[in-house]
Amino acid sequence: KLGWLRSRFAKYAKGPAERQTLWLGGRELPQDLNGLPLIACGVGPRSLVVVRAAPKPPPPPSPCGVVVCLPTGHKFELPCEGSSTLAWLRDQVCERTGIATKDQHFFSEFRLLTGDASFEQCGLRFGSHVQVVARSRSAAALWPQIDARVASLDARRAATALPQRRSASAAQLARGRPASAEVG
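Let me begin by describing the structure that accompanies this report. For clarity, every value in this text was computed on a predicted model and none was experimentally measured.

## With respect to the overall build of the chain
Looking only at helices and strands, the chain has five helices and eight strands in total. From first element to last, N terminus to C terminus, the chain shows the α and β order α-β-β-β-β-β-α-β-β-α-β-α-α. Counting every position in the chain, which comprises 184 residues, the buried fraction comes to 27%. For the chain, contacts bridging at least 24 residues in sequence account for 59% of all contacts bridging at least 6. Approximately 13,000 Å² of the chain is accessible, and the part contributed by carbon and sulfur atoms is 58%.

## Side note on the pattern of salt bridges
A full pass over the atoms with the stated rule returns one salt bridge. Between lysine 102 and aspartate 103 there is a salt bridge; the shortest N-O distance is 3.9 Å. On the accessibility criterion, lysine 102 (59% relative accessible area) is exposed. Aspartate 103 gets classed as buried once you look at its relative accessible area, which sits at 5%.

## Some words on the sheet that holds strand β3 (residues 49-53)
Taken together, the three strands give an open sheet; going across it, the order is β2-β1-β3, and neighbouring strands pair in antiparallel fashion. With one partner strand each, in any of the chains shown, β2 (27-29) and β3 form the two edges of the open sheet. For this sheet, the mean inter-axis angle between neighbouring strands, taken without regard to orientation, is 40°. Packed onto the sheet, helix α1 (residues 2-13) meets β1 (20-24), β2 and β3 and runs at close to 120° relative to β1.

## Topic: the nonpolar core
Among the nonpolar cores identified, the biggest contains 22 residues, and Val68, Leu86, Leu89, Val93, Phe106, Phe119 and Val132 are the most heavily contacted of them. Every element with two or more residues in this core is listed here: β4 (64-69), β5 (75-80), α2 (86-97), α3 (119-122), β8 (129-134) and α4 (136-160). In this structure, valine 68 is in contact with His74, Lys75, Phe76, Leu78, Leu89, Val93, Val130 and Val132, ignoring residues within four places of it in sequence. Core analysis: the next-biggest nonpolar cluster, separate from the first, contains eight residues, Leu5, Leu29, Val43 and Val49 among them.

## Remarks on α1
The terminal C-alpha atoms of α1, which comprises twelve residues, lie 16 Å apart, in line with the 16 Å expected from a rise of 1.5 Å per residue. Taken as a whole, α1 has its buried residues at Leu2, Leu5, Arg6 and Ala10. For α1, the angular spread of buried residues about the axis comes to 140°, placing them on one side. Among the exposed residues of α1, those oriented more than 90 degrees off its buried face are Lys11 and Tyr12. On its buried face, α1 sits against β1, β2 and β3. Among the residues trailing α1, lysine 14 stands out with phi positive, at a value near 55°.

## Observations concerning a nonpolar patch on the surface
Nonpolar side chains collect at one region of the surface, where Phe107, Leu112 and Val133 lie side by side and expose about 220 Å² of accessible area between them. Within the fold, phenylalanine 107 resides in strand β6 (residues 104-108).

## Regarding the packing of aromatic side chains
Any pair of aromatic rings gets described here by the distance separating the centres and the angle formed by the planes. Going through the model one piece at a time under the given rule, you end up with one aromatic pair. With centroids separated by 6.2 Å and ring planes inclined at 65°, the aromatic side chains of tryptophan 88 and phenylalanine 119 adopt a geometry described as edge-to-face. Of this pair, tryptophan 88 sits in helix α2 while phenylalanine 119 sits in helix α3, placing them 31 residues apart in sequence. Residue classification places tryptophan 88 among the partly exposed positions, given a relative accessible area of 29%.

## Here we look at α4
Along its 25 residues, α4 runs 35 Å from first to last C-alpha, staying within 8% of the 36 Å computed at 1.5 Å per residue. Taking the largest bend as the criterion, α4 deviates by roughly 40°, centred on tryptophan 143, and proline proline 144 comes between one and four positions later. Residues Ser138, Ala139, Leu142 and Ile146 constitute the buried set of α4. Structurally, α4 contributes buried residues whose contacts are with β8.

Rules used throughout
Residues numbered from 1 in each chain as written. Predicted model: local features only at pLDDT ≥ 70, side-chain atom pairs only at ≥ 80, totals over all residues. Heavy atoms only, no water. Helix = DSSP H or I, 4+ residues; strand = E, 2+ residues; numbered from the N terminus. Buried < 20%, exposed > 50% of the residue type's maximum accessible area, 1.4 Å probe, protein only. Contact = heavy atoms within 4.5 Å. Areas by Shrake-Rupley, 256 points an atom, 1.4 Å probe, with all protein chains shown as cover. Salt bridge = Lys/Arg side-chain N within 4 Å of Asp/Glu carboxyl O. Pairing = 2+ DSSP bridges. Axes fitted to C-alpha atoms, helices over the stretch in contact; angles between N-to-C directions. Core = buried A, V, L, I, M, F, W, Y, C linked by side-chain atoms within 4.5 Å. Expected span 1.5 Å × (residues − 1). Arc of directions from axis to C-beta. Patch = residues over 30% accessible without salt bridge, like charges linked within 9 Å, V, L, I, M, F, W, Y side chains within 5 Å. Phe/Tyr/Trp six-rings, centres within 6.5 Å; stacked < 30°, edge-to-face > 60°. Bend = angle between axes of the 7 residues up to and from the residue.

Structure below.
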């Protein structure tokens, strides 16, 4: 019987019979033929039966996790569904940051996201990044935080920068002597 043949292949492959497909002459032998004799399935002497691993079932749809990037350099992730909308996102950003919903612009992959479209319509999916740009009074209120972050980044860059070597002519100019003047 075909079921016996499947179990033998599963034993040699060290895997469950449900995770394999049997092929004969370019066509799959379905699982519902397992109770039939091999001859009834078309498997005879000197037949070549091909065993393939069955494709893994698709994973269940995972909740969308959109990374929201704020003007201050901070980030947070929002779990959501594909049916979530930009209006819902505006409310979440307002609740977490205080940026008024009317002062928010969203960008993703260099595109301005407008209206009240769903995440699916905007092309947002698990791992997508949404950059929040504040405007008007909300932007003005954020400037001290943004300025502090920029100053912090500048200080970090300066601390890690390699010291620059000055040439001999630069040293002479610093002392008030022209570079072409010879010291005698």
